[in-house]
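Given next are the chains, with one letter for each unit.
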Amino acid sequence: MLLFTFVYDDNSGNNRNNKIEIDENLFKRLAKDDMTALDELYSITEKTMYAYTVSLTRDHDVALDLMQDTYVKILSAAHLYKPMGKPLAWMFTIAKNLHYSNTRKEKRSISMEPEEVADDTRFSYITDMDDRIVLEGVLSRLTEEEREIVMLHAISGMKHKEIAEGLGLNLSTTLSKYHRALRKLRDYLEGKEARA
């Protein structure tokens, strides 16, 4: 019911303290092929990266593949990381670039139809039926950027400031897009949206 509450209660995330703290020294260790650093990074960022990759791909299996490719790329490019206090933004950029590269290579659209999501049991992080219904609305009614913002806030519990930094947006833009997305979802859930 986590996603569902975010649609109807903008303040539902205030009691959760899920700030993602990534020690930038992990990337130095990764550059030296320290696999325990990769394990640490993965355990800290797994759910956030899943939320982000599923918002890009709209497909559970493709999102998991993209996550794996992203962590492999992070491992191989760790020596290029420049500490600037925004490691998650760097990781998101890698994921987004890999996604766009894969999409161009395959010259196909991402496969899962939104109505199939509600019945798909493979969404391991989204087990509540109400969440799946909201996810269906998120995937089909929102722009890519709105999906990213809502998924990162609702699934991983990131604060709007962190999302803004991670996506390279102004905080006001992030908040505006988040609230616009919630209005779209409320209208959809309440049946106010004109159906074509």
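Thresholds applied
Residues numbered from 1 in each chain as written. Predicted model: local features only at pLDDT ≥ 70, side-chain atom pairs only at ≥ 80, totals over all residues. Heavy atoms only, no water. Helix = DSSP H or I, 4+ residues; strand = E, 2+ residues; numbered from the N terminus. Buried < 20%, exposed > 50% of the residue type's maximum accessible area, 1.4 Å probe, protein only. Contact = heavy atoms within 4.5 Å. Expected span 1.5 Å × (residues − 1). Arc of directions from axis to C-beta. Salt bridge = Lys/Arg side-chain N within 4 Å of Asp/Glu carboxyl O. Axes fitted to C-alpha atoms, helices over the stretch in contact; angles between N-to-C directions. Parallel < 35°, antiparallel > 145°, perpendicular 65-115°, else oblique. Nonpolar A, V, L, I, M, F, W, Y, C, P; charged D, E, K, R; others polar. Bend = angle between axes of the 7 residues up to and from the residue.

## Describing the side chain of Glu146
Alright, step 1. By the element assignment, Glu146 lies in helix α8 (residues 144-154).
Alright, step 2. Assessed through its relative accessible area of 3%, Glu146 is described here as buried.
Alright, step 3. Once residues lying within four places of it in the same chain are set aside, the contact partners of Glu146 are Lys177, Arg180, Ala181 and Lys184.

## Let's talk about helix α10 (residues 171-189)
Alright, step 1. Given a rise of 1.5 Å per residue, 19 residues ought to cover 27 Å, and the 27 Å separating the end C-alpha atoms of α10 matches this to within 8%.
Alright, step 2. Every buried residue belonging to α10 is among Thr174, Lys177, Tyr178, Ala181, Leu182, Leu185 and Tyr188, and all of these are buried. What you see down the axis of α10 is that its buried residues fit within an arc of 140°, all on one side.
Alright, step 3. Gly191 lies just past α10 and shows a positive phi near 75°.

## Points about unusual backbone geometry
Alright, step 1. Even without glycine at this site, Asp33 takes up a positive phi of about 60°.
Alright, step 2. Assignment of secondary structure puts Asp33 in the loop between α2 (25-31) and α3 (35-57).
Alright, step 3. Even without being glycine, Arg58 reaches a positive phi, approximately 60°.
Alright, step 4. Structurally, the position occupied by Arg58 is in the loop between α3 and α4 (60-77).

## Digging into the pattern of salt bridges
Alright, step 1. All told, the structure shown has six salt bridges when counted by the stated rule.
Alright, step 2. One salt bridge in this structure joins Arg29 and Asp34, with 2.9 Å as the shortest N-O distance.
Alright, step 3. Accessibility expressed as a relative area gives 22% for Asp34, which makes it partly exposed.
Alright, step 4. For the salt bridge of Glu146 with Lys184, the shortest nitrogen-to-oxygen distance reads 2.8 Å. Here Lys184 lies in helix α10 and Glu146 lies in helix α8, a separation of 38 residues in the sequence.
Alright, step 5. Relative accessible area serves as the criterion here: at 27%, Lys184 is assigned to the partly exposed category.
Alright, step 6. The network of salt bridges with common partners includes Arg29, Asp34 and Glu40.

## Topic: the packing of α8 against α10
Alright, step 1. The geometry of α8 relative to α10 is characterised by a closest axis approach of 9 Å and an angle of 90° between their N-to-C directions. Comparing their axes, α10 and α8 come out roughly perpendicular. In this structure, α8 contributes Glu145, Glu146, Ile149, Val150 and His153 to the contact, and α10 contributes Thr174, Lys177, Tyr178, Arg180, Ala181 and Lys184.
Alright, step 2. Of the residues belonging to the contact of α8 with α10, the class tally is four nonpolar, two polar and five charged.

## Details of α3
Alright, step 1. Between the first and last C-alpha of α3 there are merely 27 Å, a value that for 23 residues lags more than 12% behind the 33 Å anticipated at 1.5 Å per step.
Alright, step 2. Most pronounced at Thr45, the bend in α3 amounts to some 60°.
Alright, step 3. Where α3 terminates, the next one or two residues include Arg58, which has phi positive at roughly 60°.

All quantities given are derived from atomic positions and should not be read as evidence of function.
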